[in-house]
Amino acid sequence: MTTTLQAVRGMNDILPDECVIWQHVEAQLRDTLASYDYREIRFPIIEKTELFKRTIGDTTDIVTKEMYSFIDRNGEQLSLRPEGTAVCVRAGLEHGLLYNQIQKLWYLGPFYRHERPQKGRYRQFFQCGVEAFGLAGPDIDAEIILITQRLLKTLGLLPHISLQLNSLGSSESRAQHREQLIRYFKAHEHLLDDESQQRLAKNPLRILDSKNPALQHLIQEAPRLDDSLDTASREHFKKLCALLDSLDVKFTLNPYLVRGLDYYNFTVFEWVTTALGTQGTVCAGGRYDHLVAQLGGKPTPAIGCAFGMERIVLLLQSLQLTPPQPKTDLYVIATHSDTDIPARRLCEQLREQFPTLRLTIHCDGSSLSTQLKRADKGGAKIAIIVNHQLLLQQQFILKFLDERRVEEIVNMEQLMARLLQIKFLTD
Ligand code: HAM
């Protein structure tokens, strides 16, 4: 007996009912980003592994244990992209988009991380990333945050989600803070769990990210990054907070927000919700002013963020904010095999005239009553019946599929005029 195959663990099929929600989110994203004059960029799913090692950080979870990496037939070390920022910078540099220019870009697509799957955390997941290059001031930070807020508002999610904000400061202030953290956690090493002990050796800042309840007190007492910020970082952050205040963006300062990728500096932020369990970060990002130079470009300030699409869809579902499923508008019925071709011709004419109509023509023949049942089941509000006798006089039956089941006999001209009058068809 052959066994049925299943999808790879942590990789989801998105079924037709769910696709409607995805399309709704994607449409809002496209419209919102266009309204801020951002342009789409598309890039490959596979990149050289080196790109991610050099940018995300050698000691990060993503690079040490989560990448889908392989050697291809030419012996090249490649990886499925675990995130988009490094790829966007690589593509921007390769095509000269970042040299002395301002670029405001977005992308949408699948990303891959070999994480432990759970609700809201998958091995293939979709992100919509937004990246702005060539602007150093806090006003672009505010713009990126405003874009994210507008999208969440448009989707009806804003009341259920909050913005957390922090500044990681400059590389110098981070280095100073790192030294302080190492000293502090070394003094309390016996209290750390295994994961945090490993992080102490490699990336002590990530201990602050630990969700272990037993460590929360220790973390709260740890030296704070905001005490080590230098003047430039402080000024930038102060101006950003003032801008957000004047633009009515509500936020919470979270000095423990550090992010899991190494390339950030200055501003970092996350939109979080309690409605999704532990995977509550729906959108996250920050400044990465050194990344372009790190990949061989001219020093170029940059900031961006990415929405987790599955988490947005889950949130819409849990809050019952999903759009309605589409229904058939018109169901065309050929009562006999010799009326099938004229019925199909009619359908094509209707599609020409009413391109947004959802129009089904019955396939595989069957009795009139079976076809009408199928039309009702698909939610059609109107059927057009093409029968042999009426066709000889170029006429059709227009049948309303509500309780009254009214029928009208119409010619082609009358049919088109009638359909134009019916409000829901032309909305
Ligand atoms: P990230 O925090 O790794 O940042 O991911 C951004 C968002 O993607 C997360 O907040 C979450 O919503 C979603 N996400 C991440 N991993 C998974 C997963 N395994 N399953 C489902 N959703 C997930 C970045 O990737 C940065 N590139 C964001 C950025 C853009 N920073 C600057 N520009």
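Regarding the overall build of the chain
Stage number 1. Counting secondary structure elements, the chain contains 17 helices and 16 strands.
Stage number 2. Computed over C-alpha atoms, the radius of gyration of the chain comes to 28 Å, more than 25% over the 22 Å expected from 2.2 N^0.38 for 427 residues, which places it beyond the range of a compact globule.
Stage number 3. Its C-alpha atoms give the chain principal-axis dimensions of about 95 × 60 × 45 Å.
Stage number 4. Each of the 427 residues in the chain was classed as buried or not, and the buried ones make up 49%.
Stage number 5. Look at the contacts in the chain between residues 6 or more apart in sequence, and 70% of them connect residues 24 or more apart.
Stage number 6. As presented, the chain carries roughly 21900 Å² of accessible surface, and 51% of it is formed by carbon and sulfur atoms.
Stage number 7. Here the chain contributes 50 positive and 52 negative side-chain charges, whose respective centroids are spaced 2 Å apart.

Comments concerning the side chain of Q371
Stage number 1. Along the polypeptide, Q371 turns up in helix α14 (residues 368–377).
Stage number 2. Accessibility expressed as a relative area gives 1% for Q371, which makes it buried.
Stage number 3. Setting aside its immediate chain neighbours within four residues, Q371 contacts Y331, I333, A334, H362 and S366.

Concerning the pattern of salt bridges
Stage number 1. In total, this model carries 22 salt bridges according to the counting rule given.
Stage number 2. Between D141 and R287 there is a salt bridge, with its nearest N and O atoms 2.9 Å apart. Pair noted here: D141 is in helix α5 (residues 138–154) and R287 is in strand β10 (residues 281–287), with a separation of 146 residues, a long-range link.
Stage number 3. Accessibility expressed as a relative area gives 0% for R287, which makes it buried.
Stage number 4. The partner of D376 in a salt bridge is R405, and the shortest N-O contact between them spans 3.0 Å. Of this pair, D376 sits in helix α14 while R405 is found in the loop between β15 (395–400) and β16 (407–411), placing the two residues 29 residues apart along the sequence.

Notes on the nonpolar core
Stage number 1. Counting 45 residues, the largest nonpolar core has V89, F133, F185 and L208 as the members making the most contacts within it.
Stage number 2. Elements that contribute at least two residues to this core include exactly α2 (49–56), α3 (61–66), α4 (85–94), β5 (103–112), β6 (124–133), α6 (171–187), α8 (216–220) and α11 (291–294).
Stage number 3. Per-element tally for this core: the top contributor is α4, with five residues.
Stage number 4. Apart from residues no more than four positions distant in its own chain, L208 is found in contact with H177, L181, F185, I219, A222, Y256 and V258.
Stage number 5. In terms of nonpolar packing, the next biggest core, distinct from the first, is built from 43 residues, I147, L155, L240 and W271 among them.

Some details on the layout of surface pockets
Stage number 1. Here the second largest pocket is characterised by a volume of approximately 430 Å³.
Stage number 2. Looking at the lining of the second largest pocket, the elements with two or more residues in it are α2 and α6.
Stage number 3. The biggest single contributor to the lining of the second largest pocket is α6, with six residues.
Stage number 4. Class assignment of the residues belonging to the lining of the second largest pocket gives a composition of seven nonpolar, nine polar and seven charged.

Things to note about the sheet that holds β15
Stage number 1. Taken in spatial order, the five strands of this open sheet run β13-β12-β14-β15-β16, and their pairing is mixed. The sheet is open, and its two edges are formed by β13 (359–361) and β16, each paired on a single side. The mean angle between the axes of side-by-side strands here comes to 25°, regardless of whether they run parallel or antiparallel.
Stage number 2. Inspection of the sheet shows strand β12 (residues 330–334) paired to strand β14 (residues 382–386) by five bridges, in the parallel sense.

Describing a nonpolar patch on the surface
Stage number 1. Taken together, the side chains of I45, I46 and F70 make up a nonpolar region of the molecular surface, amounting to roughly 220 Å² of accessible area.
Stage number 2. Relative to the helices and strands, I45 resides in the loop between β1 (39–40) and β2 (46–48).
Stage number 3. We classify I45 as partly exposed; its relative accessible area is 34%.

Concerning the site of the ligand
Stage number 1. As a structural note, the neighbourhood of the ligand is formed by 24 residues, with E83, E115, E131, Y264 and T281 the closest of them.
Stage number 2. At 3.0 Å from a nitrogen atom of the ligand is found a side-chain nitrogen or oxygen belonging to Y263.
Stage number 3. At a separation of 2.8 Å, an oxygen atom of the ligand approaches a polar backbone atom of T281.
Stage number 4. In isolation the ligand offers 660 Å² of accessible surface; the protein chains occlude 96% of this area.
Stage number 5. Those elements that provide at least two residues to the shell around the ligand are β6, β10 and β11 (302–308).

Describing the state of the cysteines
Stage number 1. Counted according to the given criterion, the structure contains zero disulfides.
Stage number 2. Here C128 is not disulfide-linked; the sulfur of C305 is the nearest cysteine sulfur, at 8.0 Å.
Stage number 3. Just so you know, C363 is unpaired, no disulfide at all, and the nearest cysteine sulfur is the one on C347, 9.4 Å from it.

Section: the sheet that holds strand β4 (residues 77–80)
Stage number 1. One open sheet accounts for three strands, arranged β2-β4-β3; its pairing is antiparallel. Whereas interior strands pair on both sides, the edge strands pair on one side only; in this sheet they are β2 and β3 (69–71). Going from strand to strand, the sheet's axes swing by 35° on average, the running direction of each strand aside.
Stage number 2. Sheet analysis places β3 next to β4, joined by three bridges and oriented antiparallel. In the sheet register, S69 faces β4, and the bridge partner there is S79.

Calculation notes
Residues numbered from 1 in each chain as written. Predicted model: local features only at pLDDT ≥ 70, side-chain atom pairs only at ≥ 80, totals over all residues. Heavy atoms only, no water. Helix = DSSP H or I, 4+ residues; strand = E, 2+ residues; numbered from the N terminus. Rg over C-alpha atoms; globule rule 2.2 N^0.38 Å. Buried < 20%, exposed > 50% of the residue type's maximum accessible area, 1.4 Å probe, protein only. Contact = heavy atoms within 4.5 Å. Areas by Shrake-Rupley, 256 points an atom, 1.4 Å probe, with all protein chains shown as cover. Lys, Arg positive; Asp, Glu negative; His and termini not counted. Charge placed at Lys NZ, Arg CZ, Asp CG, Glu CD. Salt bridge = Lys/Arg side-chain N within 4 Å of Asp/Glu carboxyl O. Core = buried A, V, L, I, M, F, W, Y, C linked by side-chain atoms within 4.5 Å. 1 Å grid on protein atoms, 1.4 Å probe; cavity = no way out; pocket = protein on both sides within 12 Å on 5 of 7 lines; lining within 4 Å. Points joined across faces, edges and corners; volume = space filled by probe spheres on them. Nonpolar A, V, L, I, M, F, W, Y, C, P; charged D, E, K, R; others polar. Pairing = 2+ DSSP bridges. Axes fitted to C-alpha atoms, helices over the stretch in contact; angles between N-to-C directions. Patch = residues over 30% accessible without salt bridge, like charges linked within 9 Å, V, L, I, M, F, W, Y side chains within 5 Å. Near = heavy atom within 4 Å. Polar contact = N/O pair within 3.5 Å; in protein donor to acceptor, adjacent residues only side chain to side chain. Disulfide = S-S within 2.5 Å.

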